[in-house]
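# Residue-level structure breakdown
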Amino acid sequence: MKSVDLNLLTALDALLEEGSVTGAAERLRTSTPTMSRTLARLRRAFGDPLLVRAGRQMVPTPRALAVRDQVRSLVEQATGMFLATGAPDLASLKTTFTVQANDMVLGALAQPLLSTIHRQAPHVTMRFVPEGSGDNTPILREGAADIVVGAADSASAEVNSERLLVDRVRAVVRAGHPLLRGEMTRERFAAAQHLSVSRRGRLAGPIDDHLAEHGLRRQVVSVVPSWAASWHMLAQSDLVGLAAEKLSRQAVALLDLRTVSIPLQLPPIVIAQSWHIRHQADPTHTWFRHCVRSVFENWQRDGDADGSPQAHTRGGGEPASS
């Protein structure tokens, strides 16, 4: 029987996820030359290049794509066999957690979460990646993210979700903006020049449907792909933008912006963390989810003026960039 080094599967899993020798080496905390030699061994073992260079990136061959899911499954099964049944040893824990979210969520979450993690587990690495498009189930299933933080809209039986925050949509303008003088009416809001946020460059969003119910239409003069970019533009113009009130609180204060209530019956935004069911009983993942939850609990305790949660409405209002 041919002898097989099972460590090669862990290396192949990292190479296929990272798409680079350097990235895989960093993930497995080894050197780039060592990972290059491991890739050479993998190529000999499989009789296939597995990863080939395409410009500045490396792309998987058809053979690599064919075995990717099986390799991931085998690595996870092997890792699960050795998981501790009790609390993890946080002081010596060396791992990487990946969180996927849009930039408004990350702007509010990333630093306090990293601080919370490092107070207990100083050797953990946090990787934050931008939100995807559509169903998050494949991302969580394949392990590209440990959790997704965003609108609570997953209906997959593979994914568990926990509500973290109920927020509301507000208009955002610069200090001294004309809309801050006098009563904000639907007509005044619609008549302003608007800045929209959409990864796909869409001019319209859910808020336009609510305006249409009153026979109104807003004028969107520009679209940007991120919330941070929109707020910087708002700070230097008379444009009107949008934000989730609690999530954007720090950014709005730093840029000396103002938020204004929109005179429409907009549904609240429900922010949740979602994870694949295979992680449900994993002590380390459970601890990580608790850290995420604690960040949002601190916001509720320290930042809410009214202290009263709003009703749970799936999908929320506008700020989940489309």
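Along each chain, the written sequence defines residue order, and numbers are assigned to residues from 1. Reporting in this predicted model follows two pLDDT cut-offs: at least 70 for local features of residues, and 80 or more for side-chain atom pairs to be given and counted; totals over whole chains, interfaces and linings ignore these cut-offs and use all residues. The side-chain figures draw on all heavy atoms in the structure; neither hydrogens nor water molecules are used.

Turning our attention to the nonpolar core. For this analysis, a nonpolar core means a set of buried residues of the types Ala, Val, Leu, Ile, Met, Phe, Trp, Tyr and Cys, connected via side-chain atoms within 4.5 Å. Throughout, exposure labels follow a simple rule: accessible area from a 1.4 Å probe, protein chains only, divided by the maximum for the residue type, with under 20% read as buried, over 50% as exposed, and the rest as partly exposed. Core analysis: the biggest nonpolar cluster contains 57 residues, and Leu-113, Val-149, Phe-189, Leu-247, Trp-287, Phe-288 and Phe-296 have the highest contact counts within it. A helix here means a DSSP run of H or I that spans at least four residues, while a strand means a run of E at least two residues long, and both kinds are numbered starting from the N terminus. The dominant element in this core, judged by the number of residues it contributes, is helix H5 (residues 103-120), at seven residues. Residues are treated as being in contact if the distance between any of their heavy atoms lies within 4.5 Å. Setting aside residues up to four positions removed in sequence, Leu-113 forms contacts with Val-99, Met-126, Phe-128, Phe-288, Cys-291, Val-292 and Val-295.

We now examine unusual backbone geometry. The phi angle at Leu-50 is positive, at roughly 70 degrees, despite the residue not being glycine. The exposure class assigned to Leu-50 is buried, which follows from its relative accessible area of 0%. Of note, the phi angle at Asp-256 is positive, near 55 degrees, even though the residue is not glycine. Among the structural elements, Asp-256 can be located in the loop between helix H10 (249-254) and strand E11 (257-260). Judged by its relative accessible area of 42%, Asp-256 is partly exposed.

Now for the pairing of strand E4 (residues 125-130). Where strand E3 (residues 96-101) meets E4, six bridges bridge the pair, whose relative direction is parallel. Bridging across to E4, Val-99 finds its partner in Phe-128. Every crossover in which the path from the first strand over the helix to the second runs clockwise, viewed with the strands pointing away from the viewer, is termed right-handed. In terms of handedness, the path from E3 via H5 over to E4 forms a crossover that is right-handed. A pair of strands counts as paired when DSSP detects no fewer than two bridges linking them.

Turning our attention to the sheet that holds E11. The antiparallel open sheet is built from three strands, whose spatial order is E10-E7-E11. The open sheet is flanked by strand E10 (241-244) and E11, the only strands paired with a single partner. Each neighbouring strand pair of the sheet contributes to a mean axis angle of 45 degrees, computed without reference to strand direction. Here strand E7 (residues 169-174) runs beside E10; their pairing, made up of four bridges, is antiparallel. Each bridged residue has a counterpart across the sheet, and for Val-172 the counterpart in E10 is Gly-241. Helix H9 (residues 227-234) rests against E7, E10 and E11 of the sheet, and its axis sits at about 130 degrees to E10. Only the contacting stretch of a helix is used when fitting its axis, a line to C-alpha atoms as for every element, and angles between N-to-C directions run 0 to 180 degrees.

With that settled, the discussion passes to the pattern of salt bridges. Whenever Lys or Arg places a side-chain nitrogen within 4 Å of a carboxyl oxygen from Asp or Glu, that contact is recorded as a salt bridge. Tallying each qualifying case throughout the model produces 10 salt bridges. Note that Arg-127 is salt-bridged to Glu-18, the shortest N-O span being 2.8 Å. With Arg-127 in strand E4 and Glu-18 in helix H1 (residues 7-18), the pair connects residues that are 109 residues apart, well separated along the chain. A residue is classified by how much of its surface remains accessible, and Arg-127, at 27% relative accessible area, is partly exposed. Overlapping salt bridges, with partners in common, bring together Glu-17, Glu-18 and Arg-127 in one network.

This part covers the environment of Phe-189. Position of Phe-189 among the secondary structure elements: in helix H7 (residues 186-191). A C-alpha to C-alpha distance of 7.5 Å links Phe-189 and Ile-262, two positions 73 residues apart in sequence. Excluding its chain neighbours within four sequence positions, the residues that come into contact with Phe-189 are Ala-171, Met-184, His-194, Ile-207, Leu-211, Val-240, Leu-242 and Ile-262.

Further remarks concern the packing of aromatic side chains. Stacked, tilted and edge-to-face pairs are distinguished by plane angle, under 30 degrees for stacked and over 60 for edge-to-face with tilted covering the rest, among Phe, Tyr and Trp rings (Trp via its six-membered ring) whose centres lie within 6.5 Å. Tallying each qualifying case throughout the model produces three aromatic pairs. On the numbers, 4.1 Å between centres and 0 degrees between planes, the contact of Phe-97 with Phe-288 is stacked. Taken together, the residues span a long stretch of sequence, with Phe-97 in strand E3 and Phe-288 in helix H11 (residues 283-303) at a distance of 191 residues. Taken as a pair, Phe-97 and Phe-288 share a single burial class, namely buried. One aromatic cluster in this structure is built from Phe-97, Trp-287 and Phe-288. Consider the ring centre and the ring normal. A charge sits over the ring if Lys NZ or Arg CZ is within 6 Å of that centre and within 35 degrees of that normal. For Arg-289, the ring lying beneath its charged end belongs to Trp-275, and the centroid distance is 4.3 Å.

Averaged over every residue, the pLDDT of the protein chain is 86; the share at 70 or more is 89%. A residue's pLDDT is simply how confident the predictor is in it, with values from 0 to 100. Considering only residues more than four positions removed or in separate chains, one finds that residues 305-317, a stretch of pLDDT under 50, has 27 contacts.

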